Amino acid sequence: MSQPARLTALPAPVRDPFAVRWPLASTVSDRERGPLPHGSPGAVLRRTAEVLGEPRIPSTGVGESAALDLIAGLLDEHGIDLSHPHAAAHLQPPVLQVAVDADALASASNASMDTYDSGPATLAIEQWVVRALASLAGFGPQADGVLTPGGSISNLLAILIARDSAAAAAGIDVRRHGLQGFDRPVVFCSELAHFSVQRACAALGLGEQAAITIPSDFDFRLRVDVLAEELAKPGRTPVAVIATAGTTDFGSVDPIAPIAALARQYGAWLHVDAAYGFGALFSERLAPLLADVPLADSVTLDLHKIGWQPAATSVLLVADRSRFAAFDRSVDYLNPADDIDSGLDGLLGRSLQTTRRPDAVKVATTLTAYGRAGLGTMVDTCHELAHAAAARVVADSNLELLAPVTLTTVLFRVAGQGLDATGLDALQGEVRRRLLTSGRVLIGRTKLPARGGRPAAVALKLTLLNPNATATDIEDLLDQVVATGLDVLTGEGAA
């Protein structure tokens, strides 16, 4: 392998006036710092368990300070450090200190979102957050939404609402009587859509086979021509069409406008899964990627991805608040009708949950602290960093770029001259495992689908969500990838 190319035209890290302070910054240990602890997974888990001791509740506790010190030490020594600039594997960013502080306030309140008397202020805060995000999405005054434990649950709720809507149009009360009489309900999505779509179909009684996957094009976007052919097939009830705005592996954005037109033509609900991509709306530069989101009936967004919030902070937005009617419940001990009439209602009718923690507190604090401009600067920095990393990959004969950059993801692989497809795939897996067990570099992997006669291929993946990463950090990360690839190819180091 040749010497790696050098690139210096990387963006500067985010600094004041939008400084990002990460929690536990002053508590780093003396161990050589990387995003993960050194050692095999088994050894790391064993060391952690040994410190905890016998898995039983002690008869006498050690006290609050000692217990906190014990757990903090385990997290520090054997946990993950997402603020490390070499942590670039998943849609799992470091979190803003202000969000951590606000989350502690929310936990201390122990408020719940189901009824007014479970937390008045937090009800108003969630409604403010939902309205603010709906406005950012381009929805009108009839929009509404709810915070959920994650994008998978947001997608589940969206497909549930779509199922009920399609059933009602067919004269079926599916919530009372089930799917009997429902003529083969199906959901359409890209082959690159999140697997939570299949899970939701299974959970809702439709079955995983109800999720009809549509191939993607060379830009990893759903093929509208194939969708049109599938929608035209008889003997099925189109419940929903799902467009992905920010695929997990590529960051690609499906063509929402033509997908919306087809969904309308066939009376299907249009859901946009923007769990990853919604954060692009904070950026003036990237917002046009999601310009057609207002055409959707519902949208999933995850602020624990692009939003730098502690997990989990997902939101389901709906264009028409009346669509939440299926969740309405009047329960004697929570929200009897006369209390509702007196204004004592809460948000029980927005969710499958009853007790629901006030996650909107950290979101409202962050949005107020940084504003759209501050968050947009962070998004732009990560986007520029991804483009610069891709340029470095292209300039380095030891590496190969596998997909264009849309958001903050870079797909590439280590070049292995003379290796066949199986050998190349094995090389990528071994490089990643060696980097992970070294503790120095945390990168992801996935599989590139077959394209134009080229077989499917294992890819390495950078998901760059740290706006404090520097040019040197990216150079060092890729240098270590190249060096590890060389070790694997020459048979050096661990097998």
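Because the structure is a prediction, the values reported are computed rather than measured. (Residues numbered from 1 in each chain as written. Predicted model: local features only at pLDDT ≥ 70, side-chain atom pairs only at ≥ 80, totals over all residues. Heavy atoms only, no water.)

In terms of burial, strand 3 (residues 185-190) is largely enclosed, as six of its six residues are buried. Note that strand 3 and strand 4 (residues 211-214) share four bridges and pair parallel. Note that in strand 4 the partner of Phe-188 across the bridge is Ile-212. Taken together, strand 3, helix 7 (residues 196-203) and strand 4 constitute a β-α-β crossover, and its handedness is right-handed. (Buried < 20%, exposed > 50% of the residue type's maximum accessible area, 1.4 Å probe, protein only. Helix = DSSP H or I, 4+ residues; strand = E, 2+ residues; numbered from the N terminus. Pairing = 2+ DSSP bridges. Right-handed = clockwise from strand over helix to strand, strands pointing away.)

Another point: the side chain of Thr-408. Take Thr-408: it is sitting in the loop between strand 9 (399-401) and strand 10 (409-414). Owing to a relative accessible area of 2%, Thr-408 belongs among the buried residues under this scheme. One polar contact links Thr-408 to Tyr-276, side chain to side chain, over a distance of 2.7 Å. Non-local contacts of Thr-408, meaning those with residues more than four positions away in its chain, are made with Tyr-276, Cys-382, His-383, Ala-386, Leu-462, Thr-463, Leu-464 and Leu-465. (Polar contact = N/O pair within 3.5 Å; in protein donor to acceptor, adjacent residues only side chain to side chain. Contact = heavy atoms within 4.5 Å.)

Attention shifts here to the packing of helix 12 (residues 421-438) against helix 13 (residues 471-490). Where helix 12 contacts helix 13, the two axes come as close as 9 Å, and the packing angle between them is 120 degrees. By the criterion of interaxial angle, the relationship of helix 12 to helix 13 is oblique. Considering the relative orientation of helix 12 and helix 13, their crossing is right-handed. Here helix 12 contributes Leu-427, Glu-430, Val-431, Arg-434 and Leu-435 to the contact with helix 13, which in turn contributes Gln-480, Val-481, Thr-484, Gly-485, Asp-487, Val-488 and Leu-489. Residue composition of the contact of helix 12 with helix 13, grouped by class: six nonpolar, three polar and three charged. (Axes fitted to C-alpha atoms, helices over the stretch in contact; angles between N-to-C directions. Parallel < 35°, antiparallel > 145°, perpendicular 65-115°, else oblique. Left-handed = near helix turned anticlockwise from the far one by under 90°. Nonpolar A, V, L, I, M, F, W, Y, C, P; charged D, E, K, R; others polar.)

The UniProt entry lists Lys-305 under the feature "modified residue: N6-(pyridoxal phosphate)lysine" (unreviewed entry), expressed in the numbering used here. With respect to the helices and strands, the residue Lys-305 is situated in the loop between strand 7 (298-302) and strand 8 (314-318). Take Lys-305: its relative accessible area is 15%, and that puts it in the buried class. Discounting chain neighbours no more than four positions away, the residues touching Lys-305 are Leu-91, Pro-93, Ala-275, Tyr-276 and Leu-465. Side-chain polar atoms of Lys-305 contact the side chain of Asp-302, separated by 2.6 Å. (UniProt positions renumbered as here; feature names shortened; annotations may be inferred.)

Moving on to the pairing of strand 11 (residues 442-448). Most of strand 11 is tucked away: five of the seven residues are buried. Summarising the sheet, strand 1 (residues 87-88) and strand 11 pair through two bridges and their orientation is parallel. Within strand 11, the residue paired with Ala-88 across the bridge is Ile-443. Direction of pairing for strand 11 relative to strand 12 (residues 457-463): antiparallel, over a ladder of five bridges. Bridge pairing in strand 12 links Arg-445 to Leu-460.

When the domains of the protein chain are assigned, the result is domain 1 (29-81), domain 2 (102-370) and domain 3 (371-490). Placing a centre on the C-alpha atoms of domain 1 and another on those of domain 2 gives a separation of 37 Å. (Domains from an automatic or database assignment.)

Moving on, we come to the environment of Ile-259. Structurally, the position occupied by Ile-259 is in helix 9 (residues 256-265). For Ile-259, a relative accessible area of 0% gives the class buried. Counting along the chain gives 32 residues from Ile-259 to Leu-227, while the straight-line C-alpha distance between them is 8.0 Å. Residue contacts for Ile-259: discarding those within four places in its chain leaves Leu-222, Val-224, Leu-227, Val-241, Ala-243, Asp-254 and Leu-270.

Turning our attention to the packing of aromatic side chains. For any pair of aromatic rings, the description consists of the separation of the ring centres together with the inter-plane angle of the planes. One pass over the full model with this rule turns up two aromatic pairs. A centroid spacing of 4.0 Å and a plane angle of 5 degrees characterise the contact between Phe-220 and Phe-250, whose relative ring orientation is stacked. Of the two residues, Phe-220 sits in the loop between strand 4 and helix 8 (224-231) while Phe-250 sits in the loop between strand 5 (237-244) and helix 9, which places them 30 residues apart along the sequence. Centroid distance Phe-324 to Phe-327: 6.1 Å. Interplanar angle 50 degrees. Geometry classified as tilted. Since its relative accessible area comes to 4%, Phe-327 is described here as buried. (Phe/Tyr/Trp six-rings, centres within 6.5 Å; stacked < 30°, edge-to-face > 60°.)

So, about the sheet that holds strand 5. Sheet architecture is open: seven strands sit in the order 2-8-7-6-5-3-4, paired in mixed fashion. For this open sheet the edge positions go to strand 2 (144-148) and strand 4, each flanked by a neighbour on one side alone. When strand polarity is set aside, the average angle formed by the axes of neighbouring strands in this sheet is 20 degrees. Packed on one face of the sheet, helix 5 (residues 151-169) meets strand 2, strand 3, strand 5, strand 6 (269-273), strand 7 and strand 8 and runs near 25 degrees to strand 8. Strands in contact with helix 7 are strand 3, strand 4 and strand 5; relative to strand 4, the strand with the most contacts, it is inclined by about 160 degrees.

This part covers the confidence of the model for the protein chain. The predicted model of the protein chain averages 90 in pLDDT, with 92% of residues at 70 or higher. When the criterion is pLDDT under 50, residues 1-31 qualifies, and its contacts beyond four places in sequence or with other chains add up to 85 contacts. (pLDDT = per-residue confidence, 0-100.)

Attention shifts here to the sheet that holds strand 9. Pairing is mixed in the open sheet, where five strands are placed in the order 1-11-12-10-9. The strands lining the two open edges of the sheet, one partner per strand, are strand 1 and strand 9. Pairing of strand 10 with strand 12, which is carried by four bridges, proceeds in the antiparallel orientation. Across the sheet, residue Phe-412 finds its bridge partner in strand 12, namely Leu-460. Sheet strands in contact with helix 12 are strand 10, strand 11 and strand 12, and its direction is about 160 degrees off that of strand 11. Contacting strand 1, strand 9, strand 10, strand 11 and strand 12, helix 13 crosses the sheet at an angle of about 25 degrees to strand 10.

Checked against the element boundaries, Leu-462 lands in strand 12. Sequence spacing of Leu-462 and Ala-203 is 259 residues, and the spatial spacing of their C-alpha atoms is 32 Å. Not counting residues up to four positions away in its chain, the partners in contact with Leu-462 are Ala-88, Ala-389, Thr-408, Thr-409, Val-410, Phe-412, Ile-443, Leu-477 and Leu-478.

Counting residues in each nonpolar core, the largest one holds 60 residues, and the members touching the most others are Leu-227, Val-272, Phe-278, Val-299, Trp-308 and Leu-317. Taken together, domain 2 (102-370) and domain 3 (371-490) each give at least three residues to this core, which thus spans both. Residues Ile-161, Val-187, Cys-201 and Ala-211 belong to the second largest nonpolar core, which totals 31 residues. (Core = buried A, V, L, I, M, F, W, Y, C linked by side-chain atoms within 4.5 Å.)

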